[in-house]
Every structure is written in structure tokens, then in C-alpha cells.
Amino acid sequence: MEQQKLFEAIRQEDVVIFAGAGFSRYAGYPLGGKLAEILTGRLSEDEKLKVSVNAPLDYLSEEIVRIKRGSREMINSVLDDVFAAPAISTSDHDLLASIPHFRTIITTNYDALFENAFGDTATLIYKDTDLANWRQNGVNILKIHGDLADKSSIILTREDYARFYHKDYSSPFWATIIKAIATKTILFLGYGYEDPNVWAIFEHVYNHLGENRKRAYFVSPGASDEKIDFLQKRGIHYIKHTGESFLCALTEDIREHIFEDMRKKWLSPETFRKFTSNHQLSVSLQDKGDSYQVHSISGKNGEPMHGNMRFKFDPDGDIDQRFQKFFEDGQFDQLEFNKKELATFTLNIEGLKLFGEGDLAQVSFKKMPKIIPFDLVFSTEGFEMRNLTAQIYGGKKSVTFKTKLHTLNFQITIVNPDDQEPDARWSMEHDAIYRNVNEELEVHEFLKYFFLQKEATIYLTKETKISKQCPTYDKERVSNAETYLEYFKGLKEVERAFGVRFTDFYPIDQESVDDLNWILQVIRGQQFEKGESMEMSFGELPSETIDSLSLVKEYDKPLEFTVNSDLTMILHNQRLPIPGMHTEIPYPEVTNIEELRSGGKVLKVKSRTGTIYQKFMLKPFPSID
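Predicted model only: the values in this text are computed from it and were never measured.

Caption draft 1: Focus on the overall build of the protein chain. Check the secondary structure of the protein chain and you find 19 helices and 30 strands. A compact globule built from 625 residues would reach a C-alpha radius of gyration of about 25 Å, whereas the protein chain, at 46 Å, exceeds it by more than 25%. Once the C-alpha set of the protein chain is aligned to its principal axes, its extents read approximately 150 × 75 × 50 Å. The proportion of buried residues among the 625 residues of the protein chain is 42%. Carbon and sulfur atoms form 48% of the exposed surface of the protein chain, whose accessible area is close to 34200 Å². Of the side chains in the protein chain, 76 bear a positive and 96 a negative charge, and the two mean positions are spaced by 4 Å.

Here you go:
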């Protein structure tokens with residue numbers, strides 16, 4: 001019960017570790033008594049007679065300094081030899097460093113195991129001025145007995161303790177420690193609780209807080225009944241564990257709850273990402289206000305993920321058949337189960353519990369295809385499409401090949417029934433909007449050869465290729481493809497003539513076909529029949545001009561003239577201006593000479609052949625200055 005409460009506090013990033021020498025013992029570093037023996041062993045026989053060799057470490061070291069005439073050189077040498085030596089093992093510290101839920105570690109240890117384990121994420125603090133480097137998103141290691149890199153900071157002798165622990169508690173360093181004790185849950189690891197000075201600090205803080213103080217926990221593999229009773233009277237809960245077994249149990253508990261804790265916003269996104277990254281996952285989150293939701297999960301650095309799921313389902317349903325089909329067929333549609341279909345469901349990824357029973361209202365499975373690049377070639381036709389990609393969905397009994405040939409979505413499924421010849425089933429669908437003319441020319445040329453049953457070659461690499469005859473001959477579809485090819489070839493001709501590009505346009509209809517045919521006739525200089533007569537408005541004409549017009553019918557040559565035009569055609573949202581128009585009237589005759597002589601301003605002309613011809617020009621009639 002108490003262990004679970006502690007785990008929950010850690011998962012909410014509310015715990016400060018207080019680590020003693022016992023937590024470094026497995027690494028080969030001595031406890032206080034053993035360090036005292038090492039110091040004594042460095043003394044001469046005469047010096048041993050001048051000190052209390054069985055005294056506690058602080059008394060012994062105080063006497064050594066005294067007989068050395070105030071010199072700490074021998075003590076410093078021993079500390080360097082003992083704590084700078086390579087560790088036998090760093091497994092517990094490495095395991096602790098893999099748990100990013102701790103922001104503050106207070107320790108009386110001299111060794112550098114914490115700093116080495118946490119690496120760049122750690123900030124070492126052992127004096128007031130170090131607090132300027134405090135990190136909110138890293139781990140801060142407060143070494144209250146100093147650091148070997150600065151021998152003047154080492155707290156070892158009785159005088160050191162007296163000087164250090166009787167400092168003003170309002171100093172920045174002590175204020176930070178007291179705030180941690182007062183506002184956070186405390187976890188004692190490897191601490192024998194024999195240091196009366198440290199205990200005095202907790203007594204001081206806890207007495208002021210009274211019933212409002214936070215919980216504290218003491219982890220040890222074998223505390224005596226007397227010590228457990230001593231701890232309980234002071235509100236400190238005992239948990240029986242070695243440092244290693246505790247951290248292993250804690251890690252497993254975090255793995256079980258990390259995604260649930262994230263959804264409840266028990267921990268920061270930074271802590272969540274660090275922990276999941278330590279388990280080779282890359283997770284994207286969405287902030288929903290009162291909770292976080294997982295948006296996507298992928299393997300770290302693109303690596304595949306591993307996990308397992310467990311669930312039970314209604315035996316009277318068809319889930320087993322749907323599951324079997326999903327894995328046997330090259331199926332790419334989602335396989336979905338609702339909450340009623342699933343009695344229980346749990347999903348673990350890389351050892352982390354993603355969802356537990358009752359967490360989800362629906363479960364969907366979707367296959368991730370294998371993506372391969374390829375080139376498609378109809379060799380005998382001299383046609384190829386390069387730099388294409390395909391999605392391959394594999395199953396035990398069928399494989400589905402999906403690709404996009406520009407605007408054509410194409411898929412083919414190869415079915416391998418038991419003891420039968422493979423069967424190819426294909427389908428295709430065209431996008432609603434054409435992107436450009438060149439792509440559509442390629443698409444419909446592909447369709448033509450596909451339905452002509454031509455042999456296609458798929459090049460996967462320079463050395464690897466697959467050649468197969470297309471599976472279906474369809475005369476009607478061949479004709480349809482050829483019709484579209486002619487249309488898009490016509491659009492290409494319009495693009496060249498008018499200097500435009502047709503992009504993102506809708507499929508063709510009869511109106512666009514008629515418009516295109518008319519424009520192509522204009523481009524190609526084709527004449528159009530205009531009827532047998534026409535009228536043209538002028539100002540009042542001179543009598544000499546009228547006399548000349550009266551003689552037009554005597555000419556064998558046609559009457560021809562070119563004028564500017566303001567005609568503009570619209571085709572697939574492109575404006576196509578036609579600025580010139582040429583008219584030809586074979587065997588012309590002016591039919592209203594007398595009206596013109598009387599001041600008429602409209603010239604009426606007919607062709608004695610019964611037909612007038614016009615053609616449109618893409619360049620305006622040149623003006624005459």
C-alpha cells in the first residue's frame with residue numbers, strides 16, 4: 001500500500017531523493033566505518049596511539065587533522081584514492097538515470113556516480129553560487145557534504161559538521177534543501193539515518209509543518225524492528241527493498257502507467273518523452289486542455305516497434321474470421337472492433353502499457369505497406385513512366401499492389417488459392433480533377449496499352465525487373481482511352497498556340513469538346529461558312545467609292561478583307577483571345593447601291609455562289625499610321 005503511494009508520488013514528479021553512502025556501496029565505495037578503517041591504516045604506529053581508532057568517522061578525522069598539525073593532505077589523498085577509483089558496477093545509478101521523474105537528488109556521498117550516470121542532464125550543486133545553474137528540466141544534484149573537485153567544500157571532520165550544519169538556514173543553499181523537504185515527498189535511499197545533523201534538519205522542518213508535512217519513505221533491505229519503530233513515530237514509512245529491487249519495481253510500475261499518467265497530466269511532456277525515448281519510442285502528443293492524447297507513436301530513429309496485445313471477444317461473433325482474413329489477405333482497409341465486440345483489450349509497446357482494459361471505445365488495425373520505387377515500361381510501344389512508387393500489402397494468401405500513376409489510382413491483387421493458379425484482380429479510379437495535360441497524356445496512353453493487353457515491365461532496380469502481360473483486353477476501353485488521348489493532344493496544341501497551361505481542371509464534357517474542336521480549327525486556319533450575305537456599317541461613303549462598289553459584280557476575283565476582333569474563348573478556365581478575322585466573299589455583289597447613293601451607311605454584300613467564308617487569326621490586323 002505505502003509502496004504504491006510512493007510510486008504514484010514519483011510518477012507525479014513529486015519526490016526528492018535523499019541518498020546516503022549505502023546507495024553507493026554496491027559500486028565498491030565504503031560506508032563511514034570502512035572509510036575510518038582506511039584512514040587508520042594510513043597512520044603510522046605512533047600516530048595510531050594518538051587517535052581513537054574505534055571512534056566514529058567525524059571524530060577520527062578530526063583527530064587526524066589535529067595530529068597532522070592542521071593538515072588535511074593525508075585525508076584528501078585517501079578520499080581521492082577511494083572515491084576516484086573506478087566503480088565495480090554502476091547498474092543502480094544507470095537504472096535511476098533512466099527514470100526522468102526525479103528533478104532533485106540530495107546526497108551526502110563524495111563519489112561522482114550520480115553525475116556520471118545522468119551526464120549532460122545533471123547540474124552539480126554544492127555551494128550557494130552553484131544555484132544560479134539550477135535546471136528546471138534536468139536533474140539537480142545537491143552534494144551537501146561537498147565535492148572532491150573542491151576539497152575546501154568537503155564535510156568530514158567534527159569541526160566541518162559543526163561549521164556546516166550551524167550555518168544560517170536562510171542561506172540560498174540551505175533554503176533550497178529546506179524547501180525540498182517541506183514541499184516534496186522524501187525518499188531515503190541507502191541512508192542509515194545515523195547522521196544526527198541531517199536528522200536535525202528534518203526534525204526542524206517537520207516540526208514547523210506539523211500535520212501538513214509531506215510523506216517520507218525509507219527504503220532498506222533489512223531495517224531492525226527498533227529502527228522501523230523509530231521511523232514510524234516520526235511519520236516515515238518503511239519499505240523493504242534493496243536499492244536495485246526498488247528501482248526495478250519502480251521502473252515496471254512506471255512502464256505500466258506511463259501513458260495513463262500522461263493522459264491525466266501527472267507528469268510533464270518532457271519527462272514523458274524522455275522516458276519513452278529511453279524505450280526506443282517517438283511519441284507525438286496533443287494537448288486537450290485537461291488531458292493529453294497520443295497522436296502518433298513510431299520507433300525511435302525509424303526503427304520498427306515491438307509489442308503485444310491481448311483481448312477476448314464474443315465467441316458467437318465473427319471477429320476470428322475477420323482477423324484471419326485481415327492477416328491472410330493483402331487487405332489494406334482498416335479492421336475495426338467496437339467496445340461491445342471486445343470484452344478486454346490491453347496493448348503494450350516496447351514494454352510500456354499503452355492501453356489497458358476499458359480504455360478504448362474502438363480498436364482499429366491497419367497494415368503498414370512496404371514502399372518500393374519502380375519504373376513502368378511498355379518496351380514494344382516505346383512508352384515508359386519513371387520514378388513511381390508502390391505500396392505493397394502482404395498476406396498469407398494474397399498480395400495487393402497499390403500505386404498512383406499521376407491522377408490514376410491503380411491497384412492489383414494477386415490471389416494464391418490452395419492448389420490453384422494465381423488469379424489477378426485489378427481496379428482503378430481516376431481523380432476528379434486533372435492536374436496537367438502532360439500527365440493525362442501519360443495516364444491515357446497507359447490505359448490504352450493496358451487494355452490492349454500489351455506486355456509491361458516493372459523495373460525495381462537496374463538488375464531486378466518483372467515482365468507480365470496485362471491481364472485484360474477491353475476493346476471499348478481502348479477506344480475510350482484513344483478518344484481522351486486525342487482530346488489531350490488537342491489541349492497540348494492549344495497550349496503551344498496561345499502560350500497557356502491547363503492545370504487543375506475538371507474532366508471533359510461535350511461542351512468542352514465542341515469548344516476545343518472550334519479552337520483547333522482556328523489554330524489550323526480552317527475557314528468557316530458564313531452564309532450567302534453579310535452587312536457592314538460605315539460612315540457616309542464618297543460617290544467614287546459607291547461607283548466602284550457597283551462594279552464589284554463584274555470582278556471574277558473574290559472580295560477579301562481582314563479586321564481586328566474582340567472575340568475571346570474560355571476553355572477550362574483559360575481565356576483564349578482571337579484578335580483577327582479574315583473574310584472572303586466569292587463573286588461578290590453589292591445589293592443596295594441605290595440606298596448608298598441616297599446616304600445609306602450600311603453596305604450589303606452577297607456571294608453569287610451562295611457562300612461567304614471567314615477564318616479567325618491569332619494575330620491582330622496590323623494598324624496603319
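Caption draft 2: Highlighting the nonpolar core. Counting residues in each nonpolar core, the largest one holds 50 residues, and the members touching the most others are Leu-96, Leu-187, Phe-246 and Leu-250. With sequence-adjacent residues up to four places away left out, Leu-96 is seen in contact with Ile-17, Phe-23, Phe-102, Ile-105, Phe-114, Phe-118 and Leu-247. If you look at the next biggest cluster of nonpolar residues, it comprises 31 residues, including Val-16, Ile-201, Tyr-206 and Leu-231.

Caption draft 3: Up close: the sheet that holds strand S25 (residues 533-537). Taken in spatial order, the three strands of this open sheet run S25-S29-S28, and their pairing is antiparallel. Edge positions in the sheet fall to S25 and strand S28 (588-590), since each of these pairs with one other strand and no more. When the angles between neighbouring strand axes are averaged without regard to direction, this sheet yields 30°. Relative to strand S29 (residues 602-607), S28 is paired through three bridges, and the arrangement is antiparallel. Looking across to S29, one finds that Val-590 is bridged to Val-605.

Caption draft 4: Layout of the packing of helix H15 (residues 437-451) against helix H16 (residues 475-498). Between H15 and H16, whose axes approach to 9 Å, the crossing angle comes to 160°. Here H15 lies roughly antiparallel to H16, going by the angle between them. Seen from above, H15 lies across H16 with left-handed handedness. Contacts from Val-437, Asn-438, Glu-440, Leu-441, His-444, Glu-445, Leu-447, Lys-448 and Phe-451 in H15 reach Arg-477, Val-478, Ala-481, Glu-482, Tyr-484, Leu-485, Phe-488, Lys-489, Leu-491, Lys-492 and Glu-495 in H16. Among the residues forming the contact of H15 with H16, the class breakdown is 10 nonpolar, two polar and eight charged.

Caption draft 5: Region of interest: the packing of helix H1 (residues 2-11) against helix H12 (residues 243-263). Where H1 meets H12, the closest approach of the two axes is 10 Å, and the angle between their N-to-C directions is 60°. Taken together, H1 and H12 sit at an angle that is classed as oblique. The handedness of the crossing between H1 and H12 comes out as right-handed. Across from Gln-3, Gln-4, Leu-6, Phe-7, Ile-10 and Arg-11 in H1, the residues of H12 making contact are Phe-246, Ala-249, Leu-250, Asp-253, Ile-254, His-257 and Asp-261.

Caption draft 6: Structural context of the pairing of strand S16 (residues 383-394). Here strand S15 (residues 370-378) pairs with S16 via eight bridges, running antiparallel. Directly across from Ile-371, in S16, lies its bridge partner Gln-391. The turn joining S15 and S16, which pair antiparallel and follow one another in sequence, is formed by four residues; a positive phi near 65° is taken by Gly-382. Strand direction decides the pairing type here: S16 and strand S17 (residues 398-405), joined by five bridges, are antiparallel. Residue pairing in the sheet places Ile-392 in a bridge with Phe-401 of S17. Adjacent in sequence and paired antiparallel, S16 and S17 are bridged by three residues.

Caption draft 7: Geometry of the pattern of salt bridges. A full pass over the atoms with the stated rule returns 33 salt bridges. Between Lys-265 and Asp-287 there is a salt bridge, with the nearest N and O atoms lying 3.0 Å from each other. Here Lys-265 is found in the loop between H12 and helix H13 (269-278), whereas its partner Asp-287 is found in strand S8 (residues 281-287), with 22 residues between them in sequence. Given a relative accessible area of 30%, Lys-265 falls into the partly exposed group.

Caption draft 8: Representation of the side chain of Asp-58 within the structure. By the element assignment, Asp-58 lies in helix H4 (residues 57-67). Among the residues examined, Asp-58 registers a relative accessible area of 18% and is labelled buried.

Caption draft 9: Representation of the packing of aromatic side chains in the model. Under the criterion given, the structure shown has 28 aromatic pairs. An aromatic cluster of at least three residues, connected via ring pairs, comprises Phe-378, Phe-383, Phe-410, Trp-426, Phe-446, Tyr-449, Phe-450 and Phe-451. Directly above the ring of Trp-266 sits Lys-264, whose terminal nitrogen or CZ lies 3.8 Å from the centroid. Directly above the ring of Tyr-292 sits Lys-265, whose terminal nitrogen or CZ lies 4.7 Å from the centroid.

Caption draft 10: Structural view of the layout of surface pockets. Of the voids in this model, the second largest pocket is the one considered here, and its volume is about 1100 Å³. Considering the residues around the second largest pocket, the lining is formed by 29 residues, among which Leu-347, Ile-349, Ser-364, Phe-365 and Lys-366 are closest to the centre. Elements with a contribution of two residues or more to the lining of the second largest pocket: strand S9 (292-299), strand S10 (307-313), helix H14 (319-328), strand S12 (342-349), strand S13 (352-355) and strand S14 (362-365). With six residues, S9 is the largest single contributor of residues to the lining of the second largest pocket.

Caption draft 11: Seen up close, the pairing of strand S7 (residues 236-240). With five bridges connecting them, strand S6 (residues 216-220) and S7 associate as parallel partners. Bridging across to S7, Phe-218 finds its partner in Tyr-238.

Caption draft 12: Layout of the environment of Arg-163. Considering the arrangement of structural elements, one finds Arg-163 in helix H8 (residues 158-165). On the basis of relative accessibility, which here comes to 44%, the residue Arg-163 falls in the partly exposed class. Separated by 33 residues in the primary sequence, Arg-163 and Asp-130 have C-alpha atoms spaced 19 Å apart.

Caption draft 13: The arrangement of H12 in detail. Taking 1.5 Å per residue as the helical rise, H12 with its 21 residues ought to reach 30 Å, and the 29 Å between its terminal C-alpha atoms agrees with that figure. At His-257, H12 shows its maximal kink, close to 55°. Among the residues making up H12, those that are buried are Phe-246, Leu-247, Leu-250, Thr-251, Asp-253, Ile-254, His-257, Ile-258, Phe-259, Asp-261 and Met-262. Phi turns positive, to about 60°, at Lys-265, one or two residues after H12.

Caption draft 14: Structural context of the side chain of His-572. With respect to the element layout, His-572 can be found in the loop between strand S26 (559-571) and strand S27 (574-585). Here His-572 falls in the buried class, since its relative accessible area comes to 17%. Among the polar contacts made by the side chain of His-572, one reaches the side chain of Tyr-487 at a distance of 2.5 Å. Not counting chain neighbours up to four residues away, the residues in contact with His-572 comprise Tyr-487, Leu-491, Phe-502, Phe-505, Tyr-506, Ile-508 and Ser-512.

Caption draft 15: Local environment of H15. For H15, which comprises 15 residues, the first-to-last C-alpha distance of 21 Å matches the rise-based estimate of 21 Å (1.5 Å per residue) to within 8%. Judged by how many residues are buried, H15 sits mostly within the fold: 11 of 15 residues are covered. Within the sequence span of H15, burial applies to Val-437, Glu-439, Glu-440, Leu-441, Val-443, His-444, Phe-446, Leu-447, Tyr-449, Phe-450 and Phe-451. The N-cap of H15, judged by a side-chain oxygen 3.2 Å from the amide nitrogen of Asn-438 a few residues on, is Asn-436. One or two positions beyond H15, positive phi appears at Gln-453, with a value near 65°.

About the criteria used
- Residues numbered from 1 in each chain as written.
- Predicted model: local features only at pLDDT ≥ 70, side-chain atom pairs only at ≥ 80, totals over all residues.
- Heavy atoms only, no water.
- Helix = DSSP H or I, 4+ residues; strand = E, 2+ residues; numbered from the N terminus.
- Rg over C-alpha atoms; globule rule 2.2 N^0.38 Å.
- Buried < 20%, exposed > 50% of the residue type's maximum accessible area, 1.4 Å probe, protein only.
- Areas by Shrake-Rupley, 256 points an atom, 1.4 Å probe, with all protein chains shown as cover.
- Lys, Arg positive; Asp, Glu negative; His and termini not counted.
- Charge placed at Lys NZ, Arg CZ, Asp CG, Glu CD.
- Core = buried A, V, L, I, M, F, W, Y, C linked by side-chain atoms within 4.5 Å.
- Contact = heavy atoms within 4.5 Å.
- Pairing = 2+ DSSP bridges.
- Axes fitted to C-alpha atoms, helices over the stretch in contact; angles between N-to-C directions.
- Parallel < 35°, antiparallel > 145°, perpendicular 65-115°, else oblique.
- Left-handed = near helix turned anticlockwise from the far one by under 90°.
- Nonpolar A, V, L, I, M, F, W, Y, C, P; charged D, E, K, R; others polar.
- Salt bridge = Lys/Arg side-chain N within 4 Å of Asp/Glu carboxyl O.
- Phe/Tyr/Trp six-rings, centres within 6.5 Å; stacked < 30°, edge-to-face > 60°.
- Lys NZ or Arg CZ within 6 Å of the ring centre and 35° of its normal.
- 1 Å grid on protein atoms, 1.4 Å probe; cavity = no way out; pocket = protein on both sides within 12 Å on 5 of 7 lines; lining within 4 Å.
- Points joined across faces, edges and corners; volume = space filled by probe spheres on them.
- Expected span 1.5 Å × (residues − 1).
- Bend = angle between axes of the 7 residues up to and from the residue.
- Polar contact = N/O pair within 3.5 Å; in protein donor to acceptor, adjacent residues only side chain to side chain.

Bear in mind that shape data such as this cannot, by itself, settle questions of function.
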